[in-house]
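Residue-level listing of the chains:
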Amino acid sequence: MKDSYYITTPIYYANDVLHIGHTYTTVAADIITRWKKNSVNNVFFLTGSDEHGSKICEAAKEKNKEPLAYCNEIVDSFKNTWQQLNIEYTSFIRTTDTVHILTVEKFIQALYDNGDIYKSNYEGLYCVPCEKFLSPTELVNDLCPDHNTKPVKQCEENYFFRLSKYRDQLIELITNKNHLQHFDILPEQRRNEVLGKLKLGLDDISISRTNLPWAIPLPFDKSQTIYVWIDALLNYISAIGYADDSEKTQFKKFWPADVHLLAKDILWFHSVIWPAMLLALKLPLPAKVFSHGFFTVEGQKMSKTIGNVLHAEDLVKIYGVDATRFLLLTAFPFGSDGDISLALFKEKYNAHLANNIGNFVSRVTNMAQKYFNGKVTIPENWPDPEITEILKILEPADTHISNVRVDSFIEIMISLSSWGNLYIDKNAPWQLAKTDMKALEKVLYNALIIIKYIAVLSSAVMPESAVKIWKTIDEKQDIQECARNLAKLSPLTGSNVNKPEILFPKIL
Ligand code: ME8
C-alpha cells in the first residue's frame, strides 16, 4: 500500500485577495491533511497561486504595477491569510516559479513530440474573468452568465491539443469502477453532469495565444504563449518534481494525487482537460476530484461590484480562528451549494459551539473540580456498555475523511457532544452528589472520556481548542496516537482535571 497521501486545492488567481470561498476549500484540505497525518507517514498538501494571463495583467495595470510585482504582493496576502487560519500546507506553488515554468515547457514539448498538438485557426468569444472561450449557447443576453460581462471576440492561428482523442477513454475511466485507473468525480451528481456533457461530444482545445506576453512561451514556437489554464493545471505535478530527472523525486512518492479539491466553477478543467493531458503522456490519473458546494451571499454571487464579498478574516474577528474553520465546514453538506450570511454563522456558532460543545466541556470539567477537586478516578468495570456503544460513532471517522466528507466527520463531534449533554441531564450529577458519590464519579469519568474524544477529532478541525481541552482534562496520551487507535478505547491518563478556559463564549 502506498504510504503517502497527496491532496491539492486549486491555485487561486493572484488578481485579488482571497475570499471566504477560497478559504472554504483550503480549510477543508487542511482538516483532511491533519487527520491523514495521524496514520500516513507522508502527506503532501499543495496550494498556491495562478499568476499568468489576461486577468492578472489587467489587475496589475489597474494598480499601475508590473504583473510580477503585483503578484508578489497578492501572494504575500495569500500566505498571511493561510497563516492566520492555521493552514499547514506542505508547499505553496506559484506559476511564476522557475520549477513550474520548466515543468510546463517539458510537458508541452512532450505533448508536441507525441503528435497531440497541432496548428489551426480559431475564432471564438473569450471571457477574461473566466479565462476561457464560451460557446454562443452558454451566453445569456450576449453576456457571460457567471460574470455578467461581454466576452471578447478573438480570431487567431493557435496551437490545439487533441482533447477529442481521449473522450472514449475518459468516459470508460470515469464510469468503470473496476478499472485499475478508475477516475472518480464526486459528488455523484457532478460526475453525471460531466459524463452527460462528455457524451454530447468533445472538441479539441486551443492551448496558445498570440498576443499575451504575460504567460509562458511555447517551447516549440516562441511567438505564442501557453493558455493560462494549461499552465495552471500543471502545478499539480510541477510542485512535486515532475521535471526533476533524479530517481528519488517527490513525484514518484506522491503521484497520482489522492484528491483534487475544488468547486463546480472549474470542474470541467479538472475532470476532462487535466486527465486528458495526463492520458496523452501515459501518466496515471488522480484518484478523485471532489467538487464541494458553491457559496452565494444573501442570494447573490459574491462580487466586488455588488459589494457582498465576505472574507474569512471577517469571521475570525468575531469568532476566532478555530470557530471560523468549524463554521465554514458546517455551513452546508460538503457537496451542496448554499447561501451564507453572517446571521447563519452566528446561529451555528451559538448552537454547536457555545451551547453544545463549549457548554459540555465547561460543565463537566467544572463539576470534576467542584465535587472531586479535579481528581476523578477510573470506575470499576470500565468501560461500561453505554460508553462502548456511544463511542462506536467514531468508527466511520477515517472513512469520512477518505471520502472527503469533512462535514460528516465534524458531525461526529457534534453528536458526541449532544449525547454528552443529554447524558449529564439524564444522570443529574447535582442530585447524585447528595446521594451516591461513586455513581457521580462514574458519570463524570464517562463524560470526560467523551470530551477526550471530542478533542481528538477537534485536533484536525480546531487545533488550538483541541490543545486547550487536552490540557484541561490533563491528558498525557499523545493525541495523534489516540487518533490512530480510535477503535481501541483508551482511558483517561491524567490525574487532575483543571479549571476550564471558556472555549466558545456565547455571542449575542
Ligand atoms: O479558478 N464558494 O482560481 P479562483 C465556494 N486559478 N468555493 C469557492 C467560491 C465560492 N463562492 N469561490 C471560489 C481559479 N471558490 C484558477 C484555478 S487550478 C489549476 C486553477 C474556491 O481564484 C473553489 O475552490 O477563481 C473554486 O473552485 C476556486 O476557489 C476558484 O478559485
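The structure under discussion appears in the preceding block.
Below or above, wherever it landed, is the structure these notes cover.

Definitions and cut-offs
- Residues numbered from 1 in each chain as written.
- Predicted model: local features only at pLDDT ≥ 70, side-chain atom pairs only at ≥ 80, totals over all residues.
- Heavy atoms only, no water.
- Core = buried A, V, L, I, M, F, W, Y, C linked by side-chain atoms within 4.5 Å.
- Buried < 20%, exposed > 50% of the residue type's maximum accessible area, 1.4 Å probe, protein only.
- Helix = DSSP H or I, 4+ residues; strand = E, 2+ residues; numbered from the N terminus.
- Contact = heavy atoms within 4.5 Å.
- Phe/Tyr/Trp six-rings, centres within 6.5 Å; stacked < 30°, edge-to-face > 60°.
- Axes fitted to C-alpha atoms, helices over the stretch in contact; angles between N-to-C directions.
- Parallel < 35°, antiparallel > 145°, perpendicular 65-115°, else oblique.
- Left-handed = near helix turned anticlockwise from the far one by under 90°.
- Nonpolar A, V, L, I, M, F, W, Y, C, P; charged D, E, K, R; others polar.
- Pairing = 2+ DSSP bridges.
- Right-handed = clockwise from strand over helix to strand, strands pointing away.
- Near = heavy atom within 4 Å.
- Polar contact = N/O pair within 3.5 Å; in protein donor to acceptor, adjacent residues only side chain to side chain.
- Areas by Shrake-Rupley, 256 points an atom, 1.4 Å probe, with all protein chains shown as cover.

**Thoughts on the nonpolar core**
It is characteristic of soluble globular proteins that their nonpolar side chains tend to be buried jointly.
Here comes step 1: In terms of nonpolar packing, the biggest core is built from 176 residues, with F161, W255, F326, L329 and I340 touching the most fellow members.
Here comes step 2: It is helix α18 (residues 437–461) that provides the largest number of residues to this core, a total of 16 residues.
Here comes step 3: Excluding anything up to four places from it in sequence, F161 contacts L111, D116, Y166, D204, I205, I207, A276, M277 and A280.

**Here we look at the environment of G201**
Here comes step 1: Mapping G201 onto the fold places it in the loop between α6 (188–200) and β8 (205–206).
Here comes step 2: Between the C-alpha atom of G201 and that of R167, which follows or precedes it by 34 residues, the distance is 7.9 Å.

**Some remarks on the packing of aromatic side chains**
Here comes step 1: Tallied over the entire structure, the rule returns 27 aromatic pairs.
Here comes step 2: Ring centres of Y122 and F133 lie 4.6 Å apart, and the angle between their planes is 65°; on these two criteria the pair is classed as edge-to-face. You can see Y122 sitting in strand β4 (residues 117–127) and its partner F133 sitting in strand β5 (residues 132–134), a full eleven residues away along the chain.
Here comes step 3: Residue class for F133 comes out buried when judged on its relative accessible area of 18%.
Here comes step 4: Considering the side-chain rings of W255 and W274, the 6.1 Å spacing of their centres and the 75° angle between planes classify their relative orientation as edge-to-face. With W255 in the loop between α9 (250–254) and β12 (259–263) and W274 in helix α10 (residues 267–280), this residue pair connects regions lying 19 residues apart in the sequence.

**Concerning unusual backbone geometry**
Here comes step 1: A cis amide bond links W255 to the next residue, P256, at an omega of 5°.
Here comes step 2: W382 connects to P383 through a cis peptide bond whose omega is 0°.
Here comes step 3: Along the chain, the position of P383 falls in the loop between α13 (342–372) and α14 (385–390).
Here comes step 4: In this structure, N373 takes a positive phi of about 55° despite not being glycine.
Here comes step 5: Structurally, N373 can be placed in the loop between α13 and α14.
Here comes step 6: With relative accessibility at 56%, the residue N373 sits in the exposed group.

**Thoughts on the packing of α18 against helix α19 (residues 463–472)**
Here comes step 1: Two numbers describe how α18 lies on α19: the axes approach to 7 Å, and their chain directions differ by 155°. With respect to α19, the element α18 is oriented roughly antiparallel. The chirality of how α18 crosses α19 is left-handed. For the pair α18 and α19, contact is made by I451, K452, A455, V456, S458, S459, A460 and V461 and by P463, A466, I469 and W470, respectively.
Here comes step 2: Its residues assigned to classes, the contact of α18 with α19 shows nine nonpolar, two polar and one charged.

**What to know about the sheet that holds strand β2 (residues 42–50)**
Here comes step 1: Ordered by their spatial adjacency, six strands build an open sheet running β3-β2-β1-β12-β13-β7, and the pairing between neighbours is parallel. Looking at the sheet topology across the chains shown, the edges are occupied by β3 (91–94) and β7 (184–186). For this sheet the average axis-to-axis angle between neighbouring strands, irrespective of direction, equals 20°.
Here comes step 2: With two bridges connecting them, strand β1 (residues 4–13) and β12 associate as parallel partners.

**Describing the pairing of β1**
Consecutive residues of a regular strand have side chains that alternate between opposite faces of the sheet.
Here comes step 1: With ten of its ten residues buried, β1 lies for the most part within the structure.
Here comes step 2: Where β1 meets β2, eight bridges bridge the pair, whose relative direction is parallel. The residue bridging Y5 from the neighbouring strand is V43, located in β2.
Here comes step 3: Handedness of the crossover is the feature at issue here: the chain leaves β1, passes through helix α1 (residues 20–36), returns alongside β2, and the resulting connection is right-handed.

**With respect to the site of the ligand**
Here comes step 1: The environment of the ligand is made up of 24 residues, and the closest members are I11, T25, D50, D265 and F295.
Here comes step 2: In this structure, a nitrogen atom belonging to the ligand sits 2.7 Å away from a side-chain N or O atom of D50.
Here comes step 3: Measuring from an oxygen atom of the ligand, one finds a backbone N or O atom of A263 at 3.0 Å.
Here comes step 4: When isolated, the ligand has an accessible area of 670 Å², and the protein chains bury 94% of it.
Here comes step 5: Residue assignment for the shell around the ligand shows that the elements contributing at least two residues are β1, α1, α7 (228–233), α8 (235–238) and β12.
Here comes step 6: Among the elements that line the shell around the ligand, the one with the most residues is β1, at four residues.

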